[in-house]
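This is what each chain is made of:
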Amino acid sequence: MVWRDALDTLMTAIQLIGQETLSPVEIAAKARIARRDEQDWPAVAASLLLDCPIWTEDRDFFGAGVATWTTETIS
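Only a predicted model underlies this, so the values are computations on that prediction, with no experimental measurement involved. (Residues numbered from 1 in each chain as written. Predicted model: local features only at pLDDT ≥ 70, side-chain atom pairs only at ≥ 80, totals over all residues. Heavy atoms only, no water.)

Asker: Before we go on, may I ask you to explain the overall build of the chain in this structure?
Answerer: A tally of helices and strands in the chain yields five helices and two strands. Scanning the chain from its N terminus toward the C terminus, one meets helices and strands in the order α-α-α-α-β-β-α. For 75 residues, the compact-globule estimate of 2.2 N^0.38 gives 11 Å, and the chain exceeds it by more than 25% at 14 Å. A total of 75 residues make up the chain; the buried ones form 23% of that total. Considering only contacts within the chain whose residues lie at least 6 apart along the sequence, 22% involve residues at least 24 apart. When the accessible surface of the chain is split by element, carbon and sulfur atoms take 57% of a total near 5600 Å². The averaged location of the 12 negative side-chain charges in the chain is 7 Å from the averaged location of its 6 positive side-chain charges. (Helix = DSSP H or I, 4+ residues; strand = E, 2+ residues; numbered from the N terminus. Rg over C-alpha atoms; globule rule 2.2 N^0.38 Å. Buried < 20%, exposed > 50% of the residue type's maximum accessible area, 1.4 Å probe, protein only. Contact = heavy atoms within 4.5 Å. Areas by Shrake-Rupley, 256 points an atom, 1.4 Å probe, with all protein chains shown as cover. Lys, Arg positive; Asp, Glu negative; His and termini not counted. Charge placed at Lys NZ, Arg CZ, Asp CG, Glu CD.)

Written out as structure tokens, the structure reads:
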């Protein structure tokens, strides 16, 4: 199936991070994003753990104390 091959290719470039990995920084991540959208905490936690920016068009991350990039800034 074409879609399955495409998914398999995509998954070789993506690393899933489980909740158990994010839990050590969950409270800090929620505190940073709570004013905007607390449901976005896993992305903030991953950014904190991996010391990497978040590529997003979601303005909720701005002001959360983590680096963000938009498509416009990296194009």
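After presenting the structure, the write-up continues.
Asker: What's the story with helix α3 (residues 26–33) in this structure? I'm lost.
Answerer: Because an α-helix packs 3.6 residues into every turn, residues spaced three or four apart end up facing the same way. Every buried residue of α3 is accounted for by E26, A29 and I33. Angular distribution of buried residues about the axis of α3 spans 65 degrees; they occupy a single face of the element. Away from its buried face, by an angle of more than 90 degrees, α3 presents the exposed residues I27 and A31. Residues of α3 that are buried make contact with α2 (19–22) and α4 (41–50). (Arc of directions from axis to C-beta.)

Asker: In this structure, what is going on with the nonpolar core? I would like to understand it.
Answerer: Proteins that are soluble and globular tend to have nonpolar side chains buried together. Judged by nonpolar contacts, L22, V25, A29, I33, W41, V44, A45, A46, I54, F61, A64 and V66 together constitute the single largest core of 12 residues. Of all the secondary structure elements, the ones that give two or more residues to this core are α3 and α4. W41 has contacts with Q19, L22, E26, A29, K30 and I33, leaving out every residue within four places of it along the chain. (Core = buried A, V, L, I, M, F, W, Y, C linked by side-chain atoms within 4.5 Å.)

Asker: Would you mind showing me how to read a nonpolar patch on the surface here?
Answerer: On the surface, a cluster of nonpolar side chains totalling about 750 Å² of accessible area is made up of M1, W3, L7, L10, M11, I14 and L16. For L10, a relative accessible area of 47% puts it in the partly exposed group. (Patch = residues over 30% accessible without salt bridge, like charges linked within 9 Å, V, L, I, M, F, W, Y side chains within 5 Å. Salt bridge = Lys/Arg side-chain N within 4 Å of Asp/Glu carboxyl O.)

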